[in-house]
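Structural overview
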Amino acid sequence: MVPSPPKRHPELTRLYVAVALGVVIIMIILAYKAVGNRIAEGGLDAPTRWALIAVGTANVLAIGALLFIVARSLAKLYFERKSGILGSRLRTRMVLTLFIVGIVPSLILFLVGRNFINKNVERWFSPETEVTIRDGQKVAGDLRAAAKARLDFGAGRLLASASAEAPTIRAASDLDLVAFLGAKGGEGPKALDLRAGLEPPDLSTLGAEGTQETREGLWLLRRVPRGDGAWAVGILMPRETLDRVVALEQRYRESQQIRSARETLETLPQSTFLFLTMLTLFFAVWSGLALARSLSEPIRALAKAAQRVGSGDLEVQLPEMGEDELAFLARTFNAMIRDLKASRAAIEAQASRIEQQRAYLGQILAALPVGVMSWRADGELRTFNAAARGWMGLESFDPSEDSWSSVATLPRLGRLPELLAAVRESGRGVQEELRLGGEGEGRPVRAILEPVQGGGVLAVLEDLSLLAQAEKRAAWQEVARRMAHEVKNPLTPIQLTAQRLLRRTREGRLDLAAVQEGAETILTEVASLSRLVDSFSRFARLPSPQFSPCDPAELLRQVLALYEPNQPGIQWSIRFQLEPLGVLWDGDMVKRALINLVDNAVAAVDGQGAVSLSLTGEDGNLRFDVEDDGTGVPEADRDRLFEPYFSTKWKGTGLGLAIVRRIAQDHGGDARYQPLARGSRFTLTLPRAPKV
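Described in the following lines is the structure provided in the data block. Note that this is a predicted model, so its numbers are computed, not measured.

Counting its regular elements, the chain contains 15 helices and 17 strands. Taken across its 692 residues, the chain has 35% of its residues classed as buried. Contacts in the chain between residues at least 24 apart in sequence constitute 59% of all its contacts with a sequence separation of at least 6. Counting only carbon and sulfur atoms, one obtains 58% of the accessible surface of the chain, whose full area is about 40300 Å².

One side chain can pair with another of opposite charge once the charged atoms of both are near each other. Considering all chains together, one arrives at 17 salt bridges under this definition. With a closest N to O distance of 2.8 Å, R557 and E554 form a salt bridge. Of this pair, R557 and E554 both sit in helix α13 (residues 552-563), three residues apart, roughly one helical turn. Using a relative accessible area of 32% as the deciding quantity, one classes E554 as partly exposed.

All right, on to the sheet that holds strand β15 (residues 621-628) then. Spatially, five strands are ordered β12-β14-β15-β17-β16 in an open sheet, and the strand pairing comes out mixed. Two strands close off the open sheet at either side, each with one partner strand: β12 (570-575) and β16 (670-675). If you compare each strand with its neighbour and ignore which way they point, the axes differ by 15 degrees on average. Inspection of the sheet shows β15 paired to strand β17 (residues 680-687) by eight bridges, in the antiparallel sense. The residue of β17 that forms the bridge with E627 is R681. Along the sheet face, helix α14 (residues 587-605) touches β12, β14 (609-618), β15 and β17 and points at about 20 degrees away from the line of β15.

With that settled, the discussion passes to the pairing of strand β4 (residues 217-226). The element β4 is largely enclosed, with a buried count of eight among its ten residues. Bridge count for strand β3 (residues 209-214) against β4 is six bridges, and the pairing is antiparallel. Within the sheet, the bridge partner assigned to E213 lies in β4 and is L218. Joining the antiparallel neighbours β3 and β4 is a turn of two residues. Strand direction decides the pairing type here: β4 and strand β5 (residues 229-238), joined by ten bridges, are antiparallel. Considered in β5, the bridge of G217 is made with P238. Linkage of β4 to β5, two consecutive antiparallel strands, is achieved through a turn of two residues.

End to end, α14 covers 27 Å across 19 residues, agreeing with the expected 27 Å (1.5 Å per residue, within 8%). By the criterion of burial, α14 is predominantly enclosed, with 15 of the 19 residues buried. Taken from the residues just after α14, D606 is the one with a positive phi, measuring 55 degrees.

Cut-offs used in this document
Residues numbered from 1 in each chain as written. Predicted model: local features only at pLDDT ≥ 70, side-chain atom pairs only at ≥ 80, totals over all residues. Heavy atoms only, no water. Helix = DSSP H or I, 4+ residues; strand = E, 2+ residues; numbered from the N terminus. Buried < 20%, exposed > 50% of the residue type's maximum accessible area, 1.4 Å probe, protein only. Contact = heavy atoms within 4.5 Å. Areas by Shrake-Rupley, 256 points an atom, 1.4 Å probe, with all protein chains shown as cover. Salt bridge = Lys/Arg side-chain N within 4 Å of Asp/Glu carboxyl O. Pairing = 2+ DSSP bridges. Axes fitted to C-alpha atoms, helices over the stretch in contact; angles between N-to-C directions. Expected span 1.5 Å × (residues − 1).

If you want it as structure tokens, here you go:
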């Protein structure tokens, strides 16, 4: 496990908390004094003043705290990077990247917002705005003065009028209300005249002058005493006019209050924007630190664990927490460590086994009756067993001490150095028989040299002195088997002819023509057998074809004549072209091949079935087809039908079809097998003339 960093001492933590609280208290006092005094000078109302003080103080505290945190984080990163702490470079890059990404839009927002606020505040306090507000206040005052002047004018006309009729007085004085209150000014008007459409105000509590607001507007009222009693006059300021006058007066008062707090209004939004900017930077730095810590801590643990693994310690393990890629990396690393431990144990066990096998292999090489030699890529001999040393007369040669070049030119090595050079140059293996040893006592060997991985060469030397004798015996055995098979071929027609003559003798149908035909057949096959024996005696192999003109159709008829009388249970059919077909073949060998094919077909139908013989032309060649409706050949055996000594008949020698193919190849043709829906088809294809 990777050790966790040491925790901070509790006393140091308490000291940090105390210092932080003291700084916060001092900042609150300073912020209150700076913001509160400036706002108190503005003459604002109490709720607005306290709200501005709270916002300003909060902004100052937040900006200070965020500045402290950001500065502390950046300073910590700087010192970590300067100290070369593992992971500090990654943290610095990520924090600076997020810091730059966060500060650019924040500064743009701060500058744009600050400019926007300044422009709007300047627009509020521009001379044109001030003039407009003052003009509005003056208009409101003029409207109120005009209404009062109108009321004064109406009251004067009332005093100068001699009429006691309220309508007459109102019409003459241009008033909205004229009322006679009586000699004593009682509870209600004795006579009242209003402008049409207006509702009368309450005159019961009217003093010398007064105002009364109704839903129609504001009544300006005055009591006017006259000789005949008390009168009341009034002017109505309509609701629309009254609202505008009140709004203009309210705007003027607000503008005076705002003008007194202009500096505060300019500073507080800017400090708020500055706070938001610092908050963005704080989150950028904090996010960068958190993200860097979440990445650098596992990476640092992984780096330390890798260092321990590099020093050979495979007991290290990383904590596997979470489901993200870093946790997957930790799980993969732990799995790798487990695999390394298992691999190291397996390698150690394998090394022990290899050492044992090397000693065992050395014993085997020393006891082998064949010579084994191997060379490294640099050309030096690596393996040299006892048999090879004895054959070359180099019993004292030690590959670990002596150089191969010191003995490579010795005559007793024969052509082995030349074969070694050829394998190195071509990169392909060679096999050659050569003689090793001194003059008069050389030993024939078969040298098999193969290139091995890494540029080396391996040589296996096989003693041929005993093998040559065994091969001679095997060759004579092969000749004997082939001789027996080839002798059997002429004996088959001789036997069939003798059986036919014997059967006709028993039936009493023997005539001179049949005897003459049988004798000619026997003499022909005996002559063929004589030539075969002479050829074997001369060459100890199959006779070479003796090409001469012959008739393929006649060969096919002769083969049919040999089998048809002796196989009455078989349905025979023959098909060939009627015109003469001149060819240049060895008629005896082709006939022998046809006999082998027909013999196989007869064995396949087991005396009951159908056998078809045909002769057709095919692309300048002649093609013999022998078909039967027997059981056919199993699919697993079809590829081996023409191999020597392979037979599907328990009495077969396995040479018949091999000889058929050999005869076809000697004539430049081929022999093939084709399965039918029922039975088999053997095809012998021969050119009209031999291909020289």
